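Structural overview for review
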Amino acid sequence: MLFFQCYPTFQRFDCKVFLTEALRFFGGACRWVMIDNTHVVVLCGTGRQMIPVPEMQAFGERFGFQFRAHELGDANRSARVERPFHFIDHNFLAGRRFSSWEDLNLQARQWCDRVNATYKKHIRAIPRELFAVERTHLKPLPVWIPEVYRLHQRIVDVEGYVALHTNRYSVPVSWIGRRVEVRETKDKIEIQLDLRSMVTHHRVAEPQQQRITLPEHRPPRGEGIKRSDPHPEEQAILKAAPEIADYLQALKQRGRKYLVVALRQLLRIIRDYPREPVLAAVEEAARYGLYDLDRLERMILRRVAREYFRIHPHSGEDDDE
């Protein structure tokens, strides 16, 4: 009997997903599962001395089987493992196209069903008919087979997304800055804030730097959550220079820069330059409707320079001595 699936990566998570699918396909488990000394399963040793990784050993115990690695240089055993790959490469993958990994694995399962129902000369029988007899010797599967998953801890970024394998999955904007638990399964990404709040996305198998956004996580323009408390930078600006409150309010409405960036720049200007030139420049900028902070800073610098040369009229002259 032949069964295979394809995945973009081969990690312990993928290995456990594949073995779970395979055991369901066969309807039971053997006593031994032969592997080719892959590092995904092997902790140390080879052949009969192989010791599996505790995580994979526990996975096998769940279904009642143990991993066994073939001996190095055992050509017959190695060929029994490798020959199906050659058969798949030249009889399934050759000339086929797939729209996604899900489509590939669905076609693979259908192809396996067809191959297993085909007469084989070397065994002079149909594999599925022989398997009907051998299946009685398999260990039955547990009544409940838990879903294979990985857990991740993440913090929601300032745009309302959770990053996982370079892909970003949306969450409600009210979760921004909160710590969440991400549960990754074969087909889904479940993001949980607490016992009552969870978001489910379709899992993107490959790291493609995609943004996956659910419509309900982005309300229509103008209907988003309003910020009730002012930014810390805004509070600091009003505390340092309450005279520019009107200019600050107009800047928030008409400024071209991202609000937080603009507030931080204005706060820096207030802290870096003398108070009088700053207030005079802001008053002039407000009179002409100027809210470009780079130009505002140049206006302040000119006033500071004029004041300096007024106090030190000969500072630019060379000293004869």
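Here is what the cut-offs are and how they apply
- Residues numbered from 1 in each chain as written.
- Predicted model: local features only at pLDDT ≥ 70, side-chain atom pairs only at ≥ 80, totals over all residues.
- Heavy atoms only, no water.
- Helix = DSSP H or I, 4+ residues; strand = E, 2+ residues; numbered from the N terminus.
- Contact = heavy atoms within 4.5 Å.
- Expected span 1.5 Å × (residues − 1).
- Buried < 20%, exposed > 50% of the residue type's maximum accessible area, 1.4 Å probe, protein only.
- Salt bridge = Lys/Arg side-chain N within 4 Å of Asp/Glu carboxyl O.
- Phe/Tyr/Trp six-rings, centres within 6.5 Å; stacked < 30°, edge-to-face > 60°.
- Polar contact = N/O pair within 3.5 Å; in protein donor to acceptor, adjacent residues only side chain to side chain.

Some remarks on the environment of proline 142
Looking at the element boundaries, proline 142 is found in the loop between helix H5 (127–134) and strand E5 (149–155). Spatially, the C-alpha atom of proline 142 lies 9.3 Å from that of glycine 64, the residues being 78 residues apart in sequence. Once residues within four sequence positions are removed from consideration, proline 142 is found in contact with Arg62 and Phe63.

A few points about helix H1 (residues 12–26)
The end-to-end C-alpha distance of H1, which contains 15 residues, comes to 21 Å, matching closely the 21 Å that a straight helix rising 1.5 Å per residue would cover. With 12 of its 15 residues buried, H1 lies for the most part within the structure. Along H1, the residues classified as buried are Phe13, Asp14, Cys15, Lys16, Val17, Leu19, Thr20, Glu21, Ala22, Leu23, Phe25 and Phe26. Looking at the buried residues of H1, the elements they touch are helix H2 (54–63), strand E4 (66–69), helix H4 (101–116), H5, E5 and strand E8 (179–185). Glycine 27 lies just past H1 and shows a positive phi near 75 degrees.

Some points on the pattern of salt bridges
In total, this model carries 18 salt bridges according to the counting rule given. For lysine 252, the salt bridge is made with glutamate 234, and the minimal N-O distance between the two is 3.0 Å. Here the residue lysine 252 occupies a position in helix H7 (residues 245–254), and glutamate 234 occupies one in helix H6 (residues 232–240), the gap between them amounting to 18 residues. Classification of lysine 252 as partly exposed rests on a relative accessible area of 31%. The network of salt bridges with common partners includes Asp157, Glu159, Arg168 and Arg211.

Concerning the packing of aromatic side chains
With the rule as written, the count across this model stands at 14 aromatic pairs. Ring geometry for tyrosine 247 against tyrosine 291: centres 5.1 Å apart, planes inclined by 25 degrees, an arrangement best described as stacked. Of this pair, tyrosine 247 sits in helix H7 while tyrosine 291 sits in the loop between helix H9 (275–287) and helix H10 (293–311), and the two are 44 residues apart along the sequence. Looking at tyrosine 247, the relative accessible area reads 4%, which means it is buried. For tyrosine 291, a relative accessible area of 15% translates into the label buried.

Quick look at the side chain of arginine 203
Its place among the elements puts arginine 203 in the loop between strand E10 (198–202) and strand E11 (211–212). Looking at arginine 203, its side chain comes within polar contact range of the side chain of glutamate 184, at 2.9 Å. Discounting chain neighbours no more than four positions away, the residues touching arginine 203 are Phe13, Glu102, Arg150, Tyr169, Glu184, Thr185, Lys186, Asp187, Lys188 and Ile189.

Quick word on unusual backbone geometry
A positive phi angle, near 55 degrees, is found at arginine 124, a position not held by glycine. Along the chain, the position of arginine 124 falls in the loop between H4 and H5. The class for arginine 124 is exposed, based on a relative accessible area of 71%. We note that threonine 166 has phi near 75 degrees; this positive angle belongs to a residue other than glycine. Mapped onto the elements of the fold, threonine 166 is located in the loop between strand E6 (161–164) and strand E7 (167–170).

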